[in-house]
2 protein chains.
Amino acid sequence: MSDIFNSNRFFVVIGNRAVTAPFRLSDMPGSAGRMDIMCRCVAQALFISHGIRRDTSVCLVLKGEPDPPKSILIRGDSVRYLAPDERNVGGIIRKALSLSLTNEWIKSTPGVYVARKDIGDILKEIKKDFRILYLREDGIDIRKSRFGEKTAFVLGDHIGLTEKDEKVVLRFADSIVKLSPLSLQADQCIVITHYELDRLKT
Amino acid sequence: MSDIFNSNRFFVVIGNRAVTAPFRLSDMPGSAGRMDIMCRCVAQALFISHGIRRDTSVCLVLKGEPDPPKSILIRGDSVRYLAPDERNVGGIIRKALSLSLTNEWIKSTPGVYVARKDIGDILKEIKKDFRILYLREDGIDIRKSRFGEKTAFVLGDHIGLTEKDEKVVLRFADSIVKLSPLSLQADQCIVITHYELDRLKT
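Report follows, based on the coordinates. (Residues numbered from 1 in each chain as written. Chains lettered and ligands numbered in written order. Predicted model: local features only at pLDDT ≥ 70, side-chain atom pairs only at ≥ 80, totals over all residues. Heavy atoms only, no water.)

**A word on the overall build of chain A**
For the record, the criterion: Only DSSP runs of H or I with at least four residues qualify as helices, and only runs of E with at least two residues qualify as strands; both kinds are numbered from the N terminus onward. Note on exposure labels: buried denotes an accessible area under 20% of the residue type's maximum, exposed denotes more than 50%, and partly exposed covers the range between, all computed with a 1.4 Å probe on protein chains only. Any pair of residues with heavy atoms lying within 4.5 Å of one another is described as a contacting pair. The Shrake-Rupley method, run with a 1.4 Å probe, gives the accessible areas here. Residue values count only the displayed protein chains as cover. In this charge count, Lys and Arg are treated as positive and Asp and Glu as negative; neither His nor the chain ends contribute. Charge placement uses NZ in Lys and CZ in Arg. For Asp and Glu, CG and CD serve respectively.
For chain A, the count of helices and strands is five helices and ten strands. Along the first, second and third principal axes, the C-alpha set of chain A runs to 40 × 40 × 35 Å. When each of the 202 residues of chain A is scored for burial, the buried share is 59%. Relative to all contacts within chain A whose residues are 6 or more apart in sequence, the contacts with residues 24 or more apart total 69%. When the accessible surface of chain A is split by element, carbon and sulfur atoms take 48% of a total near 8100 Å². Averaging the positions of the 32 positive and the 26 negative side-chain charges in chain A gives two centres separated by 2 Å.

What follows is the structure, given as structure tokens:
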């Protein structure tokens, strides 16, 4: 498991109220604490047309009731049975939330891992290998930012980051980056981040 | 109803197999003919963080069984009860598909209209007011494109456009535009189109 973060692009998304126990797929925006946002972030991080971004992974840090925090890691290089619709992604998250946890990553389904980890634990784990960028609306324009071979992007859900989580993120972040002149949804930020990086590569 | 296309940005999305009768919200990627793609396109066309793009409208041209074609228009300036999750958007589409149709737009719910119209009918209606751009992977880079005050973007679902539909679109299109070096999903194309236009405006 030493290569668990073996991707070039990595997205870390904080779900402030996203629940930490199995939930109803038919009520993800309500009783599951805006789990729909988490699902869209996973889909937008990993899918292109007719394919998966094998060089990308995404980690959801779920902080809602009843058993926070839990982190779910989905690796583009090994995930299977994933489709881009919210209900499918929700099913994969729900399965991971049904497992008994430890502080170490355990495998839920192919390419999907879950652990009792908070945002600080995740960033500490990836710090050695990744340049960490915090996506916030007052940062440096992404078009003026530098990217290493391996870059991780941290972003929040509709609530943003709590003051406490932001302090943790700022301790690890190499830079604060902004994308758009408008305030966008988390999954839209992921689409745009990929897009800007894709343009740099070609 | 003469101002039915009263927006500055307009997205026209063709759903080749998206069904034209009420469907099960729990099986949108399957028996509803990839209606999940249509839902994501609506959400990405209309939502920003904590708000709706009032200057944007989106039209879905549904061509699946049992009763094609049907077009559903959702206006950002007047839509209500819309949330960005697929299930919510699906409910709004399903309601519109339950109505008896004519060749003229009829209102389903606030800001949502439905009619027996195919892609050619839609483009003919908007041609007078909008510059029409067809999003295709071999077009001119969007960063080198010109935009008028009112621009419409035409794009297909995972299948793309049939030869027949493409002929119709090319008859109306002012230009063919490409976004990314990669082949992306329809909703991702909408996010990026908005993003590029938002950057031009500021």
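**Here's the deal with the sheet that holds strand β7 (residues 112-115) of chain A**
All names here are of chain A. Under the convention used in this document: The pairing criterion for strands is at least two bridges between them, as found by DSSP. Here the axes come from fitting lines to C-alpha atoms, over the contacting stretch only for helices, and the angles between their N-to-C directions go from 0 to 180 degrees.
Sheet architecture is open: eight strands sit in the order β6-β7-β5-β4-β1-β9-β8-β10, paired in mixed fashion. Strand pairing shows two members of the sheet lacking a second neighbour, β6 (106-109) and β10 (175-178), which therefore form its edges. For this sheet, the mean inter-axis angle between neighbouring strands, taken without regard to orientation, is 30 degrees. Bridge analysis of strand β8 (residues 131-141) against β10 gives five bridges, and the strand direction is parallel. Residue pairing across strands places Leu135 opposite Val177, the latter belonging to β10. Against the sheet, helix α3 (residues 119-126) touches β1 (9-15), β4 (56-62), β5 (70-75), β8 and β9 (151-156), its axis set at about 170 degrees to β1. Packed onto the sheet, helix α5 (residues 186-201) meets β1, β4, β8 and β9 and runs at close to 170 degrees relative to β1.

**A few points about the interface of chain A and chain B**
To keep things clear, this is the line we draw: Throughout, the accessible surface (probe 1.4 Å) given up by two parts as they are put together, summed over both, is called the buried area. Throughout this description, the term salt bridge denotes a Lys or Arg side-chain nitrogen within 4 Å of a carboxyl oxygen of Asp or Glu. The term polar contact refers here to a pair of N or O atoms within 3.5 Å; inside protein, the definition further demands a hydrogen-donor-capable atom paired with an acceptor-capable atom, and it admits residues adjacent in sequence only when both atoms are side-chain atoms. Charged residues are taken to be Asp, Glu, Lys and Arg, nonpolar residues to be Ala, Val, Leu, Ile, Met, Phe, Trp, Tyr, Cys and Pro, and polar residues to be all remaining types, Gly included.
Counting residues at the interface gives 35 residues for chain A and 35 residues for chain B. When chain A packs against chain B, the two sides together hide about 3100 Å² of surface, and 51% of this comes from carbon and sulfur. Interface area lost by chain A to chain B is led by A:Arg143, A:Tyr195 and A:Arg199, which between them contribute 18%. Applying the counting criterion to the chain A and chain B interface returns four salt bridges. Ionic pairing is found between B:Asp141 and A:Arg199, a salt bridge with its closest N-O pair at 2.6 Å. Between chain A and chain B we count 23 residue pairs in polar contact (both at pLDDT 80 or more) in total. Listed by contribution, the elements that provide at least two residues to the side of chain A that touches chain B are α1 (35-46), β2 (47-48), α2 (86-97) and α5 of chain A. Top element by residues in the side of chain A that touches chain B is α5(A). It accounts for eight residues. Across the side of chain A that touches chain B, the residue classes tally to twelve nonpolar, ten polar and 13 charged.

**Thoughts on the nonpolar core**
Here is the rule: We define the nonpolar core as a collection of buried residues of types Ala, Val, Leu, Ile, Met, Phe, Trp, Tyr and Cys that are connected through side-chain atoms lying within 4.5 Å of one another.
Counting 98 residues, the largest nonpolar core has A:Met35, A:Ile93, B:Met35 and B:Ile93 as the members making the most contacts within it. Setting aside residues no more than four positions away along its own chain, A:Ile93 makes contact with A:Phe23, A:Met35, A:Met38, A:Cys39, A:Leu60, A:Leu62 and A:Ile72.

**A closer look at the side chain of B:Asp157**
Residue and element names in this part refer to chain B. Note on placement: Asp157 falls in the loop between β9 (151-156) and α4 (163-172). For Asp157, which is buried and forms no salt bridge, the nearest opposite charge comes from Arg17, at a distance of 7.1 Å. Within the local environment of Asp157, its side chain forms a polar contact with the side chain of Asn16, the two groups lying 2.7 Å apart. In this structure, Asp157 is in contact with Ile14, Gly15, Asn16, Arg17, Ile37 and Met38, ignoring residues within four places of it in sequence.

**Focus: the pairing of β7(A)**
Residues and elements named next belong to chain A. In β7, alternate side chains face the same way, and those of Val112 and Val114 on one face and Tyr113 and Ala115 on the other are all buried. Bridge count between β5 and β7: four bridges; the pairing is antiparallel. Residue Ser71 lies in a different strand from β7, and its bridge partner there is Ala115. Two elements, β6 and β7, share three bridges in a ladder whose sense is antiparallel. Following the sheet pairing, Ile106 is matched in β7 by Val114.

**Some details on the pattern of salt bridges**
All names here are of chain B. Counted by the stated rule, this structure contains 38 salt bridges over all chains. Two residues, Arg116 and Asp67, come together in a salt bridge whose shortest N-O distance is 3.1 Å. Pair noted here: Arg116 is in the loop between β7 (112-115) and α3 (119-126) and Asp67 is in the loop between β4 (56-62) and β5 (70-75), with a separation of 49 residues, a long-range link. According to the relative accessible area criterion, Arg116 is partly exposed, its value standing at 25%. Glu196 serves as the salt-bridge partner of Arg143, at 2.7 Å between the closest nitrogen and oxygen. A residue pair is termed long-range when its members are at least 10 positions apart, and Arg143 in the loop between β8 (131-141) and β9 and Glu196 in helix α5 (residues 186-201) qualify at 53 residues. A residue is classified by how much of its surface remains accessible, and Glu196, at 7% relative accessible area, is buried.

**Some words on helix α1 (residues 35-46) of chain B**
Residue and element names in this part refer to chain B. Applicable threshold: Multiply 1.5 Å by the residue count of a helix minus one, and that product is the helix's expected span.
Spanning twelve residues, α1 covers 17 Å between terminal C-alpha atoms, matching the ideal 16 Å at 1.5 Å per step. Of all twelve residues that make up α1, twelve are buried, and the element is covered over most of its length. When α1 is considered as a whole, its buried residues turn out to be Met35, Asp36, Ile37, Met38, Cys39, Arg40, Cys41, Val42, Ala43, Gln44, Ala45 and Leu46.

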